[in-house]
Number of protein chains: 2
Amino acid sequence: ATPDSADAIQSVGGTVADLMIEPFAVLSADTTVAMALDYVVKMHPVTTVTYIYVTGESGKLLGVVAMRDLLLARPGQTMEEIMEREAFVFTPAVKMPEAIAAALAKRHRLYPVVDDAGILVGLVYGWRLFEYVATELSGQAGSMVGVDREERVSTPIFKAFLMRHPWLQVNLLTAFAAAFVVGMFEDTITRIVALAAFLPVLAGQSGNTGCQALAITLRSMTLGELANISVGKLLRKEIILGALNGFFVGLIAALAMYLYASMSDAGDPIILAAVILIAMIGACIGSGIFGVLVPLTLRRFGADPAMASSIFLTTFTDILGMGLMLALATTLLM
Amino acid sequence: ATPDSADAIQSVGGTVADLMIEPFAVLSADTTVAMALDYVVKMHPVTTVTYIYVTGESGKLLGVVAMRDLLLARPGQTMEEIMEREAFVFTPAVKMPEAIAAALAKRHRLYPVVDDAGILVGLVYGWRLFEYVATELSGQAGSMVGVDREERVSTPIFKAFLMRHPWLQVNLLTAFAAAFVVGMFEDTITRIVALAAFLPVLAGQSGNTGCQALAITLRSMTLGELANISVGKLLRKEIILGALNGFFVGLIAALAMYLYASMSDAGDPIILAAVILIAMIGACIGSGIFGVLVPLTLRRFGADPAMASSIFLTTFTDILGMGLMLALATTLLM
C-alpha cells in the first residue's frame with residue numbers, strides 16, 4: 001500500500017480510485033497464446049498473474065483473458081479470439097459501498113478499472129475492498145464514544161489519553177446544557193423531588209432510542225443502502241418506532257412513578273404518571289428523529305458521522321427527555 | 001453457504017471449520033501435467049480452479065500446484081515434481097481472528113485445511129474470512145444499543161420493534177436501579193437542589209468513560225489481541241486513564257459547580273466543588289474497570305459481549321456516578 005492509498009482507507013466515503021493500482025499483464029489483441037504464456041513466464045518481478053488485460057489503440061480495454069482460458073487455448077490463437085469481451089469493470093468514481101456490494105457478488109481476485117472512454121486506468125484487488133469495509137466498520141463502535149479507529153489494547157496510556165480526553169471535554173460542555181435545562185426547573189424539583197429520581201430514567205431511555213436509530217443509520221451509510229431509501233421513509237419508520245417504544249416503556253415507567261408518588265406523597269400520582277408517559281413518548285419520537293438527522297447532517301458538512309454524532313445526539317436526547325418531563329410537570333402541577 | 005455455516009458466521013469466536021467447504025481439484029502425486037490440464041478442462045460444473053491439491057495415500061496433503069506453475073511445466077512432468085511442498089495450511093481449529101490475520105498477510109484466494117495427521121479435510125476461501133470479520137464488526141456498534149446484527153434500513157417496522165423493544169425494557173429496569181439510588185438521597189436533593197442539575201453530568205461522564213473502555217475491550221476481543229495482553233495490564237491502563245480523565249473533566253465540572261453554587265446560595269461552594277471533583281475521579285476509575293470486566297465476564301458465561309455489556313455497564317456507571325456524588329454531598333454537607 002502506498003501512503004496515499006493508506007490514507008484513503010481511513011477516509012469516509014472513498015471511491016475505487018483510492019484503492020487502485022497501476023495496471024499490469026496488459027497485452028495487445030493480436031498477441032498469440034504462445035507469446036502470452038512466454039510473457040507470463042518472463043515477468044519480473046514475478047507477480048501472480050490471474051488475468052491478462054487485452055487493450056486496443058490508446059489503451060481501451062477490449063477484453064479479459066483468465067489464466068484458465070489461456071491454458072485451454074491453442075498456442076496459435078490470439079488474445080482477441082479467446083478473450084471475454086463482456087468483462088465486469090469498475091470506473092474510478094464508483095463509491096466504496098457499491099464496489100463492495102459488487103465484489104461480494106462477483107468474488108473476483110482482481111477487477112479492471114476503466115474511465116468513461118473505456119481506457120484501462122488501473123486494477124483493484126478484491127481483498128483491498130474487503131479490508132476497506134472491515135476497517136470502516138471496526139472503527140464505528142469506538143468512534144461513537146470518542147475512541148480513535150487506531151486505538152488498540154497495546155496503545156500507550158498517554159497516547160490513549162490524548163486521543164480520548166478531548167471528546168470527554170466536549171461532552172462535558174454538552175452535559176452542562178442538559179444541567180442548565182434541569183436547573184431551570186429547580187423550583188419544580190424542590191417541590192416534587194420524585195422527579196429527580198426519574199431524571200436518569202428519561203435521559204437513559206431517550207438516549208437509547210436515539211442511539212438505536214443512529215446505529216441503523218450509520219450501518220446503512222457504510223453499506224451504501226441509503227441510496228435506495230428516502231430520508232422521509234427512514235424518518236417515518238423511526239417516528240413510528242419511537243412512538244411504540246416510548247408508549248410501552250412509558251407505561252411501565254408511569255406505573256413505577258404512580259407507586260413511587262403514592263408512597264412518598266409527592267404530588268398527584270395519576271398526573272405524575274401521565275407526565276412520565278407523555279414525556280417518554282415525546283422524547284422517544286424526538287430521539288428517533290435526531291438519530292436519523294444528526295449523522296446525515298454531519299456527513300453533509302464533511303464530519304465523521306460515527307465520531308461526532310453521539311455527542312450531539314446525547315445532548316439532544318438528554319435535554320429532550322428530562323426537559324419534557326420537567327416542563328410537563330411544571331405546567332400541570334405547579 | 002450451507003445453513004450450518006451461515007449460522008456459524010453469526011456466532012462469536014468461530015473457527016476455520018465453520019467456513020470450510022469440501023475439497024475439490026484434488027489429484028494424486030503421479031498425475032502428469034497433461035492429465036491435470038485435461039482434468040481442469042473437463043471439470044463439471046465448471047469451477048474456477050486456482051490451485052490443484054496433491055494428496056498421497058489416505059488423503060494426506062503433499063503439496064499445492066498453482067495454475068501458473070501448471071502452465072509453465074512440461075506436459076510429461078508429474079504433480080510431485082512441480083508442486084510447492086511447504087504450502088500454507090490451516091487446521092480446522094484455528095480461531096477466526098488468527099485466521100483473518102493470516103489471510104491478510106498471505107492474500108491467497110483459497111486455503112487448504114488439514115487435520116492433525118496432515119489429511120486434507122477442506123478448503124476455505126479468503127473472501128469468506130473477510131466477510132466473517134466484517135459481519136462481526138458491523139454488528140458491534142449496533143449490538144451495544146440493542147440493534148440486531150440483521151437489522152437494516154429496509155427491515156419492516158414491526159419486526160424492528162420486536163427486535164429493539166425487549167432491550168429497552170431491560171434497560172428500563174436497570175434505570176430504576178439508578179432512580180432508586182437517587183431516591184435514597186431525596187433529603188439531600190431537597191436541601192441542595194443544585195445537585196439535581198449535576199446528576200446528568202456525572203451519569204454522562206462516567207457512562208462515556210466506561211463505554212470507551214468497553215469499545216477497546218470489544219475491539220480487541222474481536223481482533224484476537226487479548227491473547228497477548230493480561231487482564232491485569234488492561235485494567236491498570238483503564239484505571240490510570242479513568243483517573244486522568246476524571247481529574248481533568250472533574251476540574252471543569254467543579255468550577256461550574258462552584259460558580260453555580262455561588263450564585264444560587266445552595267450550600268458551601270468550595271465543598272460542593274470538591275464533591276464534584278472527587279465523585280468524578282472515583283466514578284471514572286470505576287467505570288473504566290467495569291468497561292473491561294463486564295465484557296470479559298459476559299463472554300465467560302457465553303453471552304454476546306457487545307449486546308449485553310452496555311446494559312450492565314450503564315447501570316453500573318449511572319449508580320456509581322450519581323450515587324458517589326450524592327453520598328459525598330450527604331456525608332460532607334448534611
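What you see is a predicted model, and the numbers here were worked out from it, not measured in a lab.

K.L.:
Can you break down the sheet that holds strand E2 (residues 51–55) of chain B residue by residue, with the values?
P.N.:
Adjacent strands of a sheet form backbone hydrogen bonds with each other and so pair up, either parallel or antiparallel. Residue and element names in this part refer to chain B. One open sheet holds the three strands; their spatial order is E1-E2-E3, and the pairing between them is mixed. Each of the sheet's edge strands pairs with one partner strand only, and the pair in question is strand E1 (26–28) and strand E3 (61–66). Strand-to-strand twist in this sheet, taken as the mean axis angle between neighbours without regard to direction, amounts to 35°. Across three bridges, E1 lies against E2 in parallel orientation. Bridging across to E2, Ser 28 finds its partner in Thr 55.

K.L.:
Outline the pattern of salt bridges, listing residues and values.
P.N.:
Scanning the model with the defined rule gives two salt bridges over all chains in all. Across the pair Glu238(B) and Arg164(A) runs a salt bridge whose closest N-O atoms are separated by 2.9 Å. Within this pair, whereas Glu238(B) is found in helix H10 (residues 231–264), its partner Arg164(A) is found in helix H7 (residues 157–184), the two belonging to separate chains. Under the relative-accessibility criterion, Arg164(A) is labelled buried at 1%.

K.L.:
Any chance you could break down the relation of the copies chain B and chain A for me, citing the residues and the numbers?
P.N.:
For the match of chain B to chain A, the screw axis carries a shift of 0.1 Å, the RMSD comes to 0.4 Å, and the turn is 180°. Look at the turn and shift together and you get a two-fold axis relating the two. Take the interface residues of chain B: 100% of them recur as interface residues in chain A, which is what a same-surface contact looks like.

K.L.:
Give me the lowdown on the layout of surface pockets, citing residues and values where you can.
P.N.:
Put simply, the largest pocket is a space of about 1100 Å³. Contributing to the lining of the largest pocket are 45 residues, with Thr48(A), Val49(A), Thr50(A), Arg109(A) and Thr50(B) lying nearest its centre. Within the residue set of the lining of the largest pocket, elements represented by two or more residues are strand E2 (51–55), strand E3 (61–66), helix H3 (67–72) and strand E4 (110–114) of chain A together with E2, E3, helix H3 (67–72) and strand E4 (110–114) of chain B. Across the lining of the largest pocket, the residue classes break down as 26 nonpolar, seven polar and 12 charged.

K.L.:
Let's hear about the packing of aromatic side chains: which residues, and what values?
P.N.:
Where two aromatic rings form a pair, the distance of their centres and the angle of their planes describe that pair. Enumeration over the complete set of coordinates arrives at 22 aromatic pairs over all chains. Centroid distance Phe248(A) to Phe161(B): 5.9 Å. Interplanar angle 50°. Geometry classified as tilted. Highlighted residues: Phe248(A) in helix H10 (residues 231–264) and Phe161(B) in helix H7 (residues 157–184), drawn from two different chains. Among the residues examined, Phe248(A) registers a relative accessible area of 35% and is labelled partly exposed. Taken together through their ring pairs, the aromatic side chains of Phe158(A), Phe161(A), Phe247(B) and Phe248(B) make up a single cluster.

K.L.:
Can you lay out a nonpolar patch on the surface for me, pointing to particular residues and giving the numbers?
P.N.:
Residue and element names in this part refer to chain A. A grouping of Leu 255, Tyr 258, Leu 259, Met 263 and Ile 270 is seen on the molecular surface, where their side chains present a nonpolar patch of about 560 Å² in accessible area. If you tally residues by element for the nonpolar patch, the top one is H10, at four residues. Locating Met 263 in the fold gives a position in helix H10.

K.L.:
A description of the interface of chain B and chain A should follow, citing residues and the corresponding values.
P.N.:
Each partner contributes residues to the interface: chain B has 91 residues there, and chain A has 92 residues. Both faces considered, chain B and chain A share a buried interface measuring about 8200 Å² in area, 70% of it formed by carbon and sulfur atoms. Linking chain B to chain A there are two salt bridges. Counting the contacts that link chain B with chain A gives 10 residue pairs in polar contact (both at pLDDT 80 or more). Breaking the side of chain B that touches chain A down by element, the ones donating at least two residues are helix H2 (33–42), H3, helix H6 (126–143), H7, helix H8 (186–191), helix H9 (194–222) and H10 of chain B.

K.L.:
Describe the domain arrangement of chain A, with residues and values.
P.N.:
Interface size is commonly expressed as the accessible area that is lost once the parts come together. Segmenting chain A into domains produces domain 1 (3–137) and domain 2 (155–333). Using C-alpha coordinates to define each centre, domain 1 of chain A is positioned 49 Å away from domain 2 of chain A.

K.L.:
I'd love a proper account of the side chain of Thr188(B), names of residues and values included.
P.N.:
Residues and elements named next belong to chain B. If you trace the backbone, Thr 188 turns up in helix H8. Residue class for Thr 188 comes out buried when judged on its relative accessible area of 3%. Other than its neighbours up to four places away in sequence, Thr 188 contacts Leu 195, Leu 326, Ala 329, Thr 330 and Met 334.

K.L.:
Could you give an account of the state of the cysteines, with specific residues and numbers?
P.N.:
Counted by the stated rule, this structure contains zero disulfides over all chains. Cysteine Cys211(A) is unpaired, with the sulfur of Cys211(B) as its nearest cysteine sulfur at 8.6 Å. Looking at the unpaired Cys284(A), the closest cysteine sulfur is the one in Cys211(A), lying at 12 Å. A relative accessible area of 2% places Cys284(A) in the buried class.

K.L.:
Would you mind going over the sheet that holds E3(A) in detail, with residue names and values included?
P.N.:
Residues and elements named next belong to chain A. One open sheet accounts for three strands, arranged E1-E2-E3; its pairing is mixed. Only two strands of the sheet have a single neighbouring strand rather than two, namely strand E1 (26–28) and E3. Within this sheet the neighbouring strands show an average axis-to-axis angle of 35°, counted without direction.

K.L.:
I'd like a rundown of the nonpolar core, residues and numbers included.
P.N.:
The biggest cluster of nonpolar side chains holds 112 residues, and the ones touching the most others in it are Met325(A), Phe198(B) and Met325(B). If we ignore the near neighbours within four places in the chain, the residues touching Met325(A) are Leu195(A), Phe198(A), Leu199(A), Leu202(A), Val275(A), Ile276(A) and Ala279(A). By size, the runner-up hydrophobic cluster in this structure holds 90 residues, among which are Ala36(A), Leu120(A), Leu123(A) and Met83(B).

K.L.:
Hey, could you go over unusual backbone geometry for me, with residue numbers and the actual values?
P.N.:
All names here are of chain B. Not every positive phi belongs to a glycine, and Ala 25 is a case in point at roughly 60°. With respect to the secondary-structure elements, Ala 25 resides in the loop between helix H1 (3–10) and E1. Judged by relative accessible area, Ala 25 falls into the buried class, the value being 1%. In the Ramachandran plot, Ser 58 falls in the positive-phi region, its phi being about 60° despite a non-glycine side chain. Mapped onto the elements, Ser 58 comes out in the loop between E2 and E3.

K.L.:
Explain the environment of Gly146(B) to me, and be specific about the residues and the numbers.
P.N.:
Mapped onto the elements of the fold, Gly146(B) is located in the loop between H6 and H7. Distance in space between the C-alpha atoms of Gly146(B) and Ala306(B) is 9.0 Å, their sequence separation being 160 residues.

K.L.:
If you had to explain the pairing of strand E5 (residues 120–125) of chain B to someone new, which residues and values would you point to?
P.N.:
All names here are of chain B. Most of E5 is tucked away: five of the six residues are buried. Bridge analysis of E4 against E5 gives five bridges, and the strand direction is antiparallel. Bridge pairing in E5 links Pro 112 to Leu 123. Hairpin geometry of E4 and E5 is characterised by an intervening segment of five residues between the two adjacent antiparallel strands and by a positive phi of about 85° at Gly 118.

The rules behind the values
Residues numbered from 1 in each chain as written. Chains lettered and ligands numbered in written order. Predicted model: local features only at pLDDT ≥ 70, side-chain atom pairs only at ≥ 80, totals over all residues. Heavy atoms only, no water. Pairing = 2+ DSSP bridges. Helix = DSSP H or I, 4+ residues; strand = E, 2+ residues; numbered from the N terminus. Axes fitted to C-alpha atoms, helices over the stretch in contact; angles between N-to-C directions. Salt bridge = Lys/Arg side-chain N within 4 Å of Asp/Glu carboxyl O. Buried < 20%, exposed > 50% of the residue type's maximum accessible area, 1.4 Å probe, protein only. Least-squares fit on C-alpha atoms with pLDDT ≥ 70 in both. Contact = heavy atoms within 4.5 Å. 1 Å grid on protein atoms, 1.4 Å probe; cavity = no way out; pocket = protein on both sides within 12 Å on 5 of 7 lines; lining within 4 Å. Points joined across faces, edges and corners; volume = space filled by probe spheres on them. Nonpolar A, V, L, I, M, F, W, Y, C, P; charged D, E, K, R; others polar. Phe/Tyr/Trp six-rings, centres within 6.5 Å; stacked < 30°, edge-to-face > 60°. Patch = residues over 30% accessible without salt bridge, like charges linked within 9 Å, V, L, I, M, F, W, Y side chains within 5 Å. Areas by Shrake-Rupley, 256 points an atom, 1.4 Å probe, with all protein chains shown as cover. Buried area = accessible area lost by both parts, 1.4 Å probe. Polar contact = N/O pair within 3.5 Å; in protein donor to acceptor, adjacent residues only side chain to side chain. Domains from an automatic or database assignment. Disulfide = S-S within 2.5 Å. Core = buried A, V, L, I, M, F, W, Y, C linked by side-chain atoms within 4.5 Å.

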